[in-house]
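Structural overview
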Amino acid sequence: MADQVFPTKGNLISTKKSLDLAKVGFELLDRKRNIIVREMMALIDRAETIQSSIDSCYADAYLALQQANIAHGICADIAEAVPVENGLSLSSRSVMGVEIPLVHLDPEPVELSYGFMSTSSLVDEAYIQFDRVKKLTAELAEVENSVYRLATAVGKTQKRANALKNIVIPRFTRTVKFITDSLEEKEREEFSRLKVIKAQKNAADKGKRQ
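The rules behind the values
Residues numbered from 1 in each chain as written. Predicted model: local features only at pLDDT ≥ 70, side-chain atom pairs only at ≥ 80, totals over all residues. Heavy atoms only, no water. Helix = DSSP H or I, 4+ residues; strand = E, 2+ residues; numbered from the N terminus. Expected span 1.5 Å × (residues − 1). Core = buried A, V, L, I, M, F, W, Y, C linked by side-chain atoms within 4.5 Å. Buried < 20%, exposed > 50% of the residue type's maximum accessible area, 1.4 Å probe, protein only. Contact = heavy atoms within 4.5 Å. pLDDT = per-residue confidence, 0-100.

1. Looking at unusual backbone geometry
- The backbone of Met-96 sits at a positive phi, close to 55°, despite the residue not being glycine.
- Considering the arrangement of structural elements, one finds Met-96 in the loop between β1 (88-95) and β2 (98-105).

Laid out in structure tokens, this is it:
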């Protein structure tokens, strides 16, 4: 780029401004990346905790369902009495310009919707355990999707920061040096030319006096 810029003071001022903006942009992107990474790492820790709880909860739920099936036969008819979940909603929040989801599940108390005459506490336990699984799954879906979006944002931010650090800033730095060196060389040439002119004038004046 340096050899494509005419070395003038105006271009030097303009290029220095662009260089300063590029440096500020890199600092902002680096700060944004660090904030996003911290948020993402916190969510990863949370996801691991939720996943551990889900694994344990699923094991308890399927064990309870197995015991209910043994006591009452396959519970398909009973399961049909369980209402469809309609309390799920989505919103979002912003982390450094990255929209990440918020999954809302209405915190309604567990209400048994099937008849009690043909069931027992074994069915109730299976129902309660799977309700816990449902809530944990909604929470995990929120966290994992958030981690994915933040990771994507980190990649894009890192790519832009690298472009500024490795391409744009060095290019502007070279251009500033090229213009500065060219102007300094021009000033030296002008100084030498003026010295020659002054020497010639002094010689001419001395010749006239003689």
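So that's the structure; there's more coming.
2. Quick word on helix α1 (residues 9-72)
- Taking 1.5 Å of rise per residue, 64 residues should cover 94 Å, and α1 covers 90 Å from first to last C-alpha, within 8% of that figure.
- Backbone geometry just after α1 places Gly-73 at a positive phi near 80°.

3. As for the nonpolar core
- Ile-36, Ile-50, Val-98, Val-143 and Leu-150 are the most contacted members of the largest nonpolar core, which has 19 residues in total.
- Elements with a contribution of two residues or more to this core: α1, β2 and α3 (121-209).
- Sequence-distant contacts of Val-143, defined by excluding residues within four places in its chain, comprise Leu-43, Arg-46, Ala-47 and Ile-50.

4. A few points about the confidence of the model for the protein chain
- Counting all residues, the mean pLDDT for the protein chain is 85, and 86% of those residues have values of 70 or more.
- Within the protein chain, helix α2 (residues 76-79) has the poorest average pLDDT of any element, 69, and α1 the best, 92.

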